[in-house]
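# A closer look at the structure
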Amino acid sequence: MGMQTRSGKKKPEVPTPKETKQAPEALVGRIGAIFARRSDLGDDLDEGEQRKVAAGKDHAHFDRVRVDEGTFTPEGLKGSTTFQNSKRFREKNSPVEDRAVCVVTSRMSAALEAHAAATPLRKPVSFGPGRLGEQLWVESDTLDTSVVCVGDEFGVFRGGADAPALVLRVASPRRPCSYVDSIHGGTYTRDGVRSFAARTGNAGIFCRVLGDGGAAAAGDELRLLKRPHPTWPLARLAKLVYSGKGLLSGKALPRSDWAGTAAELEEAAALPELAVLEWKEELNGMLGRKPIGQYAAAAPAPTRAAPDAAGGLGAVVALAIAGNAALLLLVAASVALG
């Protein structure tokens, strides 16, 4: 049962670290498809103009081009323009590398299908390869957000190779945008696919590309190499952060949306591999710390104090002198008027 709050309401159940007990050697998958986004959709334009360009080219959200093989760099799939390397993302003041690759597995897609089947939605859904705009679709009987953890490193292996051709590091679950509801179910409430996917992490897994990157192709094997945070599966993190009402508000998440303890909040915010956009920046705000990410970019510039209207003007000059020890010299000067 959920924990009681002061208001008498029960907080939602949160997946526990027990979900990561599956043997690492069982955490494997096979790349079923690679998807690229067209590069002629105006992604270097402002959002309004970009939408006009895409609409004029008969492009629908999450439309992708299936390719046999792709080269992945720290900025994403080479030759494919996606949100993280568009002008709109650069305005978010967040590292491009945090979202280099979006992965969706067959188990994650099945979870969304099961939710849709058990929930009255306003229009039909259609999940499967490429239907969430991912770059990598992975077939797996084991991989989903209940067992994949923040910071996990996965290698992409081809044939019988001993060394991976590409290494991915998990940065965060994907927080889905409203387009997910628009395309899948048309239900813009907590019962909708978007809200369900946000609190389970099943809309996708964002990964960094390590080193200089490498190639991946359909048929390559995805295999767990390293796990620094076995108690932080993505489903646990997603449930703690996005179980409240803040997701649908379009604003920064309030502290009351956090579904865990204060100690868990501190621990999650300190995960070094966790992505900034929509994750670390939200946790940082809940803790009352200095804004980072898009909230730092949106913060107003500090204002200077106005001159003394009573007739005095003060100026403070700071001079820094470097030597064996730093000495800060403050010189104050005032000029009287009249």
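Parameters and conventions
- In every chain, residue numbers begin from 1 and rise along the written sequence.
- Local features in this predicted model are restricted to residues of pLDDT 70 or higher, and side-chain atom pairs are both shown and tallied only at a pLDDT of 80 or more, whereas totals for entire chains, interfaces and linings draw on every residue.
- Each side-chain value is worked out from all heavy atoms of the structure, with water and hydrogens disregarded.
- A cavity here means a set of points on a 1 Å grid, drawn over the protein atoms and nothing else, where a 1.4 Å probe fits but cannot get out; a pocket is an open set with protein on both sides within 12 Å along at least five of seven lines, and a residue lines either one if it has an atom within 4 Å of a point.
- Grid points are joined across faces, edges and corners, and a volume is the space filled by probe spheres set on the points.
- Strands are runs of DSSP state E lasting at least two residues, helices are runs of H or I lasting at least four, and both sets are numbered from the N terminus onward.
- Definition used for salt bridges: Asp or Glu carboxyl oxygen within 4 Å of a side-chain nitrogen of Lys or Arg.
- Relative accessible area decides the class of each residue, using a 1.4 Å probe on protein chains only: under 20% of the type maximum gives buried, over 50% gives exposed, and in between gives partly exposed.
- The contact criterion used is simple: two residues touch if any of their non-hydrogen atoms lie within 4.5 Å.
- As a per-residue quantity, pLDDT reports the predictor's confidence and falls between 0 and 100.

### Considerations on empty space enclosed by the protein
Evaluated as defined, the whole model comprises one cavity of 30 Å³ or more. Lining the largest cavity are Val103, Thr105, Val138, Leu143, Val148, Phe154, Leu168, Val170, Ile205, Cys207 and Leu222. Broken down by secondary-structure element, the contributors of at least two residues to the lining of the largest cavity are strand E5 (101-105), strand E8 (166-173) and strand E9 (205-209).

### Overview of the pattern of salt bridges
It is possible for side chains of opposite charge to pair when their charged atoms get near one another. A complete count under the given rule lists twelve salt bridges for this structure. For arginine 208, the salt bridge goes to aspartate 98, with nearest N and O atoms at 2.9 Å. Of this pair, arginine 208 sits in strand E9 while aspartate 98 sits in the loop between helix H2 (87-90) and E5, and the two are 110 residues apart along the sequence. For the pair shown, arginine 208 and aspartate 98 are each scored as buried. Between arginine 107 and aspartate 144 there is a salt bridge, with its nearest N and O atoms 3.1 Å apart. Note that arginine 107 is positioned in helix H3 (residues 106-118) and aspartate 144 in the loop between strand E6 (136-139) and strand E7 (153-157), a separation of 37 residues in sequence. For aspartate 144, a relative accessible area of 10% translates into the label buried. One network of salt bridges, in which partners are shared, links Arg30, Glu221 and Arg223.

### Thoughts on the environment of threonine 189
Within the secondary structure, threonine 189 sits in the loop between helix H4 (179-183) and helix H5 (193-200). Judged by its relative accessible area of 29%, threonine 189 falls in the partly exposed class. In the structure, threonine 189 is positioned 59 residues away from leucine 248 in sequence and 7.7 Å away in space, judged by C-alpha atoms. Ignoring any residue separated from it by four or fewer positions in sequence, one finds threonine 189 in contact with Ser195 and Leu248.

### Considering the confidence of the model for the protein
Residues at a pLDDT of 70 or more form 75% of the protein, whose mean pLDDT is 82. Considering only residues more than four positions removed or in separate chains, one finds that residues 1-9, a stretch of pLDDT under 50, has eleven contacts. Between residues 303-338, whose pLDDT stays under 50, and residues either more than four places distant or in other chains, the model counts 22 contacts.

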